Structure formats: C-alpha cells, structure tokens
Amino acid sequence: MNTRDLLSLKDVTETELKEILVLAADLKQRRGLSNTEKPLTGKTIAMIFGKSSTRTRVSFQVGIYELGGQSLFLDRNDLQLGRGETMSDTAEVLSRYAHGVIIRIHRHSGIEEYSQHSSIPVINALTDQFHPCQLLADLLTIQENAGRLSGVKVAYLGDGASNMANSWIIAAKLAGIDLRIGAPDGYHPAGTIIEDSKGPGKVTVTNDPVEAVSDANFVYTDVWVSMGFEDEADERRNQLRPYQVNSGLLTHAADDVKVMHCLPAKRGEEITDEVLDGPVSIIWDQAENRLHAQKAVLAKLVC
Ligand code: CP
Ligand code: NVA
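Residues numbered from 1 in each chain as written. Chains lettered and ligands numbered in written order. Predicted model: local features only at pLDDT ≥ 70, side-chain atom pairs only at ≥ 80, totals over all residues. Heavy atoms only, no water.

**Notes on the overall build of the protein**
Okay, so step 1: Scanning the protein from terminus to terminus reveals 12 helices and 9 strands.
Okay, so step 2: A compact globule built from 303 residues would reach a C-alpha radius of gyration of about 19 Å, and the protein, at 19 Å, matches this within 12%.
Okay, so step 3: In the protein, buried positions account for 54% of the 303 residues.
Okay, so step 4: If you take every contact in the protein between residues at least 6 apart in sequence, the share linking residues at least 24 apart comes to 75%.
Okay, so step 5: Roughly 13000 Å² of accessible area belongs to the protein as shown, and the carbon and sulfur atoms make up 47% of that amount.
Okay, so step 6: Between the mean site of the 31 positive side-chain charges and the mean site of the 41 negative ones, the protein shows a separation of 5 Å. (Helix = DSSP H or I, 4+ residues; strand = E, 2+ residues; numbered from the N terminus. Rg over C-alpha atoms; globule rule 2.2 N^0.38 Å. Buried < 20%, exposed > 50% of the residue type's maximum accessible area, 1.4 Å probe, protein only. Contact = heavy atoms within 4.5 Å. Areas by Shrake-Rupley, 256 points an atom, 1.4 Å probe, with all protein chains shown as cover. Lys, Arg positive; Asp, Glu negative; His and termini not counted. Charge placed at Lys NZ, Arg CZ, Asp CG, Glu CD.)

Have a look at this one:
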C-alpha cells in the first residue's frame, strides 16, 4: 500500500495526528490572507464519488482551490467504472494524470484495491467501514472547545457498527479520548476493531444510553440508516429509537456538554430539532472544520 494514503485513521500515527490538527488550526486562522502558501499549485486532484455528498464534496473542492490546485469531480457512474472497468485499471490510469485521488464508494475493500494500484495518494472520503476525514474535523472541533483531546469523555450514540463508530474507535484510541458507545445488541462494534486500534484512549460499549452519556463532555450521533443500508430502515429505526439525542438524555451528561453530528441529520430521529438548533450544539462549526482539516491532509499528503 502507498504509505501516503489515508484509508482510515490506522494510517496516521499519534504524532502525525497532532501535526495535522496544528496545521488545520493554522490554515483556519490564516484563511483568506493573501500571503498563504499554495502547495497544490499546478496539481490536479481527482474525486471519484459513488455516493451522495454535500460536505465532503464541497469542502474538498473549495479546499483544493484555496491551496492552489484544481479538483476534477468524477461521478463513479460516468466513468468506465460504472460499466465494469476495474478499480485497479482505473487507479493505474488516473495515476498518470492526477496528483491525488479522493474516493467515496460503498465497499472499503474497493478503496483498498484501488490504493494497491495507485502511485498517487488516495484519500478515503467515506466507505461502509471508515470516514477518516470526518474524524479529523471532529477532533479539531473538540480540541477547539475543550482545549485538549486527552481525557475528554465522548459518548457516541446509535449504530455502533457504522463507518462513523469504527472511525471514532480508532480516533479515540489514538487521541487518548474516553469513548463510550451506546448501542443495542446487533449494533455493537466488532471486537476486533477495538482490539486492533492502538493508543492511550479507552473504548467502552454499553446497551444503556444513560450510562453512555453519563458525565460526557461531548455527545455524538449519526443517522440510524447509513447510505447503502436503506433496506434495513424500519428495523434500524425500531432498534435505535432509545438512543435518540434529546434534551432529556442530555441531563445525564456533563454540565458543559456539547453535541456533535457529522451530518446529514434525520431531524426527529437520532437527534431532536431542539438539540440540533440549541445552545449546546457545535454542529455547524464541526461542519466548517471539514474544510480546514482536509486542507491540512492535502497539504501533508499531496505535496
Ligand atoms: N458528513 C459528511 O460526510 O457529509 P456528506 O455526506 O454531505 O459529505
Ligand atoms: N454513517 C453515515 C455517515 C454520513 C456522513 C453514512 O454512511 O451514510
């Protein structure tokens, strides 16, 4: 595998994580200043998307432009990929044109296959298993609010086996966060991902949403029906209803609790309007931080 890929946060060391967050904060502060460096000048970043996206697509395209490069948005189905050309052949060819590639597809094994045949950096923009770019923005947002990551208590409620929960487990271990996942049976993370994730953080899984949020500094949720799981929608809504983030549940969290959501939200399902639009929500700042965190990733990987 290309060592400059970002397929999951397993590709990032504790030191690299700190460097990315420092650079992201710096790029955020200096955004729009005329003397900022343009490390992607003359470079083209291909973006292969096989799933819908608002934040990831727009923040990457804006970020690439601000770093001096150009983005090439490629709907998976418009490429020959949609007619059966293989990931490996596509990777060989795009490596001859572009300087980096950002991919959003369903199967994580597809991006792994792509990366094995790519000689340019590959960045995961979401697969069924991981969403590392979202987590980098989330950690930047927590750092801004708490002034630290180590020892911070985060509760993750909902589908504990999702791409977001998996990414949270790796991030929490790496950053020294105390992560509690509140999810019902059938929606717990695979034991192997917790065991395989390295670092000083701690991960606990509970069926009890109150226990998960108890004294939490940050309460995090995501949709109950992730892209690609629409066939299971009714069952998921039934099973995950007790894990809704609402003002009643938040009474068990720390006094300074903040609420986070990667978005898009299904208002009234995993989170109420009252919480999403209320004073403890830092969700819009979190969405903004996608831009700054991804610019840092691009500056580190593609230059
Ligand atoms: N959070 C996130 O990745 O949003 P999009 O699906 O809109 O890109
Ligand atoms: N778990 C969600 C995240 C969306 C950003 C999904 O995969 O649809």
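**Details of the packing of aromatic side chains**
Okay, so step 1: One pass over the structure, following the stated rule, counts 3 aromatic pairs.
Okay, so step 2: Judged by centre distance (5.8 Å) and plane angle (20°), the rings of Tyr156 and Tyr220 are stacked. In this pair, Tyr156 sits in strand β5 (residues 153-157) while Tyr220 sits in strand β8 (residues 218-221), placing the two residues 64 residues apart along the sequence. Here Tyr156 matches Tyr220 in class, with each residue buried.
Okay, so step 3: Above the ring of Phe73, the side-chain terminus of Arg57 is found at 3.4 Å from the ring centroid. (Phe/Tyr/Trp six-rings, centres within 6.5 Å; stacked < 30°, edge-to-face > 60°. Lys NZ or Arg CZ within 6 Å of the ring centre and 35° of its normal.)

**Examining the environment of Leu40**
Okay, so step 1: Topologically, Leu40 is positioned in the loop between α1 (14-29) and β1 (44-49).
Okay, so step 2: Classification of Leu40 as buried rests on a relative accessible area of 0%.
Okay, so step 3: Spatially, the C-alpha atoms of Leu40 and Leu27 are 14 Å apart, while their sequence positions differ by 13 residues.
Okay, so step 4: Not counting residues up to four positions away in its chain, the partners in contact with Leu40 are Ile45, Ile64, Leu67, Gly68, Gly69, Leu298, Val302 and Cys303.

**Some remarks on the sheet that holds β5**
Okay, so step 1: Pairing within the open sheet is parallel, and its 5 strands lie in the order β7-β6-β5-β8-β9. Each end of this open sheet is capped by a strand with a single partner; those strands are β7 (202-206) and β9 (258-261). Recorded for the sheet is a direction-independent mean angle of 20° between the axes of neighbouring strands.
Okay, so step 2: Where β5 and β8 come together, 4 bridges link them in parallel fashion. Counterpart to Val154 in the pairing with β8 is Phe218.
Okay, so step 3: Each of β5, β8 and β9 touches helix α5 (residues 132-146); the most contacted strand, β8, lies at about 160° to it. (Pairing = 2+ DSSP bridges. Axes fitted to C-alpha atoms, helices over the stretch in contact; angles between N-to-C directions.)

**Section: the layout of surface pockets**
Okay, so step 1: Empty space within the largest pocket amounts to approximately 450 Å³.
Okay, so step 2: Taken together, 24 residues form the lining of the largest pocket, with Asp222, Val223, Met227, Leu263 and Pro264 sitting closest to its centre.
Okay, so step 3: Counting residues per element, the ones that place at least two in the lining of the largest pocket are α2 (55-66), α6 (163-175) and α9 (233-240).
Okay, so step 4: Residue composition of the lining of the largest pocket, by class: 10 nonpolar, 7 polar and 7 charged.
Okay, so step 5: Estimated volume of the second largest pocket: approximately 180 Å³.
Okay, so step 6: Contributions of two or more residues to the lining of the second largest pocket are made by α1 and α12 (283-301).
Okay, so step 7: The class makeup of the residues in the lining of the second largest pocket is 6 nonpolar, 1 polar and 5 charged. (1 Å grid on protein atoms, 1.4 Å probe; cavity = no way out; pocket = protein on both sides within 12 Å on 5 of 7 lines; lining within 4 Å. Points joined across faces, edges and corners; volume = space filled by probe spheres on them. Nonpolar A, V, L, I, M, F, W, Y, C, P; charged D, E, K, R; others polar.)

**Re the site of ligand 2**
Okay, so step 1: For ligand 2, the full set of nearby residues is Leu126, His131, Asn163, Asp222, Val223, Ser226, Met227 and Leu263.
Okay, so step 2: Here a nitrogen atom of ligand 2 and a side-chain polar atom of Ser226 are 2.7 Å apart.
Okay, so step 3: Between Met227 and ligand 2, the recorded distance is 2.8 Å, taken from a backbone N or O atom to an oxygen atom.
Okay, so step 4: Burial of ligand 2 by the surrounding chains reaches 95%, relative to a free accessible area of 270 Å².
Okay, so step 5: Residue composition of the shell around ligand 2, grouped by class: 4 nonpolar, 3 polar and 1 charged. (Near = heavy atom within 4 Å. Polar contact = N/O pair within 3.5 Å; in protein donor to acceptor, adjacent residues only side chain to side chain.)

**What about the confidence of the model for the protein?**
Okay, so step 1: Across the protein, the average pLDDT comes to 97, with 99% of residues at 70 or higher.
Okay, so step 2: Across the protein, element-level confidence peaks in β8 with a mean pLDDT of 99 and bottoms out in helix α7 (residues 191-196) with 94. (pLDDT = per-residue confidence, 0-100.)

**Looking at the site of ligand 1**
Okay, so step 1: The environment of ligand 1 is made up of Ser53, Thr54, Arg55, Thr56, Arg104, His131, Gln134, Cys262, Leu263 and Arg290.
Okay, so step 2: Between an oxygen atom of ligand 1 and a main-chain N or O atom of Thr54, the distance comes to 2.7 Å.
Okay, so step 3: Burial of ligand 1 by the protein chains amounts to 95% of its free accessible area of 250 Å².
Okay, so step 4: Taken together, the residues of the shell around ligand 1 break down into 2 nonpolar, 5 polar and 3 charged.

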